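Residues per chain are reported as follows:
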Amino acid sequence: MGKIKKPLVAIIGGGASGLVAAILAKNNGAEVIILEQMDRVGKKILATGNGRCNISNTDLDISNYFGKDPQFARAALGYFNFQRTEEFFENLGIAYKVEEEGKVFPYSEQASSVLDVLRYELERIGVEILCDSRVDKISGNANNFTLTINKDKKINADRIIIATGGKAAPNLGSNGSGYVLAKNLGHKIIEPFPALVQLKLESPFLKALKGIKFIGTVEITPENNSPENARGEILFTEYGISGPPILSLSRCASESIKTRQKVLLKISIIDTKSEKVLAEYLNNRFEKQKHKTIFFSLVGFINKKLIPVILKEAGIENIHQPVHKTTPAERERIGSILQKWEFPVIGTNSWKAAQVTAGGISTREINADTMESKLCPGIFFAGEVIDIDGACGGYNLQWAWSSGAVAGQNAAKEIK
Ligand SMILES: Cc1cc2nc3c(=O)[nH]c(=O)nc-3n(C[C@H](O)[C@H](O)[C@H](O)COP(=O)(O)OP(=O)(O)OC[C@H]3O[C@@H](n4cnc5c(N)ncnc54)[C@H](O)[C@@H]3O)c2cc1C
């Protein structure tokens with residue numbers, strides 16, 4: 001009978017997926033070491049959910065996940081599902097609350113409490129953590145890997161979990177280095193692009209619009225795809241546009257821009273009235289206020305800062321002209337801008353501002369049930385480094401927890 005040996009699992013990256021992978025690997029009998037390039041683990045967790053950490057979502061339907069093959073995520077999300085995740089974190093001390101659209105937050109409303117309990121558990125069960133340790137190279141084979149750290153230090157390991165994150169928010173650690181490690185092992189990388197990110201617009205009015213917020217509907221239409229829309233708080237910025245509905249639609253825009261398609265964004269500021277009702281309303285309003293300037297006639301109906309821009313966009317040069325001097329065509333254009341104001345999208349904000357990476361290590365070369373590489377036995381992957389990303393609403397952290405748990409558990413399997 002072969003002698004049973006406890007595997008030494010080295011986890012590259014102490015983010016959400018790496019920390020959960022470490023706990024599962026240790027609890028399944030492995031010796032575990034986390035190698036983290038930053039001065040501490042879990043920096044990104046602290047920034048999640050505006051510091052509140054949208055830890056998961058009660059509805060983990062696969063339609064909330066994207067990538068070349070979103071179905072790949074099904075096995076891990078089914079195994080370490082919402083219930084298991086809830087139990088896992090409850091055992092560590094996190095009480096939950098569920099908010100709108102199934103978004104789950106810690107009751108404390110503190111992302112730091114999620115990191116605190118993970119770090120406490122890692123210490124309690126004896127996982128070693130080496131910070132300021134950037135892994136530059138992986139060589140060798142299963143049961144006999146060598147990792148090169150900070151150019152010259154070497155560490156041996158039986159199994160490796162690559163949990164390095166993607167390219168989004170590099171100030172929090174994830175700078176794309178996992179793709180280089182995976183590529184050197186022969187893995188294919190689906191070209192990454194920013195998701196959950198603000199959009200850059202083309203408009204001569206951005207300076208004037210900067211800082212204006214309103215609740216409205218946005219529609220994104222890529223040249224070769226059908227339109228997608230979302231509603232919520234929209235914010236104009238000096239480069240373009242931001243806010244929850246923009247982040248939700250940004251993946252579609254970002255992917256289309258990457259493939260050099262033209263992308264059009266339409267904003268509806270007045271989205272609670274039909275076209276006909278709005279036209280009638282405006283006509284009545286203009287009739288009642290014909291003694292006022294065209295600018296002043298709209299005060300009280302739309303944000304005051306928007307009025308001059310909308311009038312200029314409608315072709316009205318003198319915004320102080322009396323209402324009765326505006327032509328029916330100009331009035332019609334005002335109505336049309338209020339409901340479908342069009343802007344060409346010319347790009348996304350940079351990786352620095354993006355919350356998530358779309359693209360990454362191709363799922364075709366990873367076993368969905370174990371997260372093990374099909375090309376290099378003994379190498380596992382977890383989290384955002386894989387070509388899976390989720391919608392806004394707790395889906396990305398859930399993917400990190402689920403894929404991390406599956407990778408950790410399977411990497412710990414005994415070696416004969
Ligand atoms: C501002 C912001 C808010 C967000 N809010 C939410 C939210 O509320 N809900 C949600 O579901 N998702 C949210 N996300 C997304 C979510 O945080 C990520 O999808 C998730 O953290 C990814 O986990 P990960 O372990 O794959 O990668 P990361 O958390 O990025 O961790 C990767 C770690 O690997 C380390 N590393 C990288 N390369 C190396 C190397 N070569 N050697 C050693 N270490 C290395 C990095 O330093 C980093 O610590 C947010 C993201 C951002 C940026």
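The model shown is predicted, which means the values in this text are computed figures rather than measured ones.

Draft legend 1. Layout of the overall build of the chain. The helix and strand inventory of the chain stands at 12 helices and 21 strands. By principal-axis analysis of the C-alpha atoms, the chain measures approximately 95 × 40 × 35 Å. Relative to its 416 residues, the chain shows a buried fraction of 54%. Of the accessible surface of the chain, which amounts to about 19000 Å², a share of 48% is contributed by carbon and sulfur atoms. Side-chain charges of the chain comprise 52 positive and 45 negative groups, with the mean position of each set lying 4 Å from the other.

Draft legend 2. Quick look at the site of the ligand. Around the ligand sit 34 residues, and of these S17, E36, S177, E384 and L397 come closest. Within the backbone of A16, one N or O atom sits 3.2 Å away from an oxygen atom of the ligand. Separating an oxygen atom of the ligand from a backbone N or O atom of G394 is a distance of 3.4 Å. Along the lines of polarity and charge, the residues of the shell around the ligand split into 12 nonpolar, 18 polar and 4 charged.

Draft legend 3. Seen up close, the domain arrangement of the chain. When the domains of the chain are assigned, the result is domain 1 (8-193 + 357-411) and domain 2 (198-348). Using only C-alpha atoms to locate each centre, domain 1 and domain 2 end up separated by 41 Å. Listed per partner, the contact involves 7 residues of domain 1 and 5 residues of domain 2. Between domain 1 and domain 2 lies a buried interface of about 540 Å² when both sides are counted; carbon and sulfur atoms form 63% of it. Together, E191, F193 and C392 form the three largest contributors to the area buried by domain 1 at its contact with domain 2, with a combined 77%. On inspection of domain 1 and its partner domain 2, the count reaches 1 salt bridge. Between D389 and R251 there is a salt bridge, with its nearest N and O atoms 2.7 Å apart. Summed over the shared surface of domain 1 and domain 2, the result is 1 residue pair in polar contact (both at pLDDT 80 or more). Looking at the side of domain 1 that touches domain 2 residue by residue, the class counts come to 4 nonpolar, 1 polar and 2 charged.

Draft legend 4. How the structure looks around the pairing of strand 11 (residues 159-162). By the alternation rule, side chains of strand 11 split into R159 and I161 and I160 and I162, which are all buried. Across 4 bridges, strand 1 (residues 8-12) lies against strand 11 in parallel orientation. Within strand 11, the position partnered with V9 by the bridge is R159. Two strands pair when backbone bridges link them, and strand 11 and strand 20 (residues 379-381) are joined in this way by 3 bridges, in the parallel orientation. Its bridge partner lying in strand 20, I161 is registered against F380.

Draft legend 5. Representation of the nonpolar core. In terms of nonpolar packing, the biggest core is built from 81 residues, with F89, L118, I138, L147, I161, W399 and W401 touching the most fellow members. Beyond its immediate chain neighbours, meaning those up to four positions away, L118 contacts L19, V20, I23, I45, F88, F89, L92 and W401. Counting residues in each nonpolar core, the second largest holds 44 residues, with I212, I294, I310 and I316 among its members.

How each quantity is defined
Residues numbered from 1 in each chain as written. Predicted model: local features only at pLDDT ≥ 70, side-chain atom pairs only at ≥ 80, totals over all residues. Heavy atoms only, no water. Helix = DSSP H or I, 4+ residues; strand = E, 2+ residues; numbered from the N terminus. Buried < 20%, exposed > 50% of the residue type's maximum accessible area, 1.4 Å probe, protein only. Areas by Shrake-Rupley, 256 points an atom, 1.4 Å probe, with all protein chains shown as cover. Lys, Arg positive; Asp, Glu negative; His and termini not counted. Charge placed at Lys NZ, Arg CZ, Asp CG, Glu CD. Near = heavy atom within 4 Å. Polar contact = N/O pair within 3.5 Å; in protein donor to acceptor, adjacent residues only side chain to side chain. Nonpolar A, V, L, I, M, F, W, Y, C, P; charged D, E, K, R; others polar. Domains from an automatic or database assignment. Contact = heavy atoms within 4.5 Å. Buried area = accessible area lost by both parts, 1.4 Å probe. Salt bridge = Lys/Arg side-chain N within 4 Å of Asp/Glu carboxyl O. Pairing = 2+ DSSP bridges. Core = buried A, V, L, I, M, F, W, Y, C linked by side-chain atoms within 4.5 Å.

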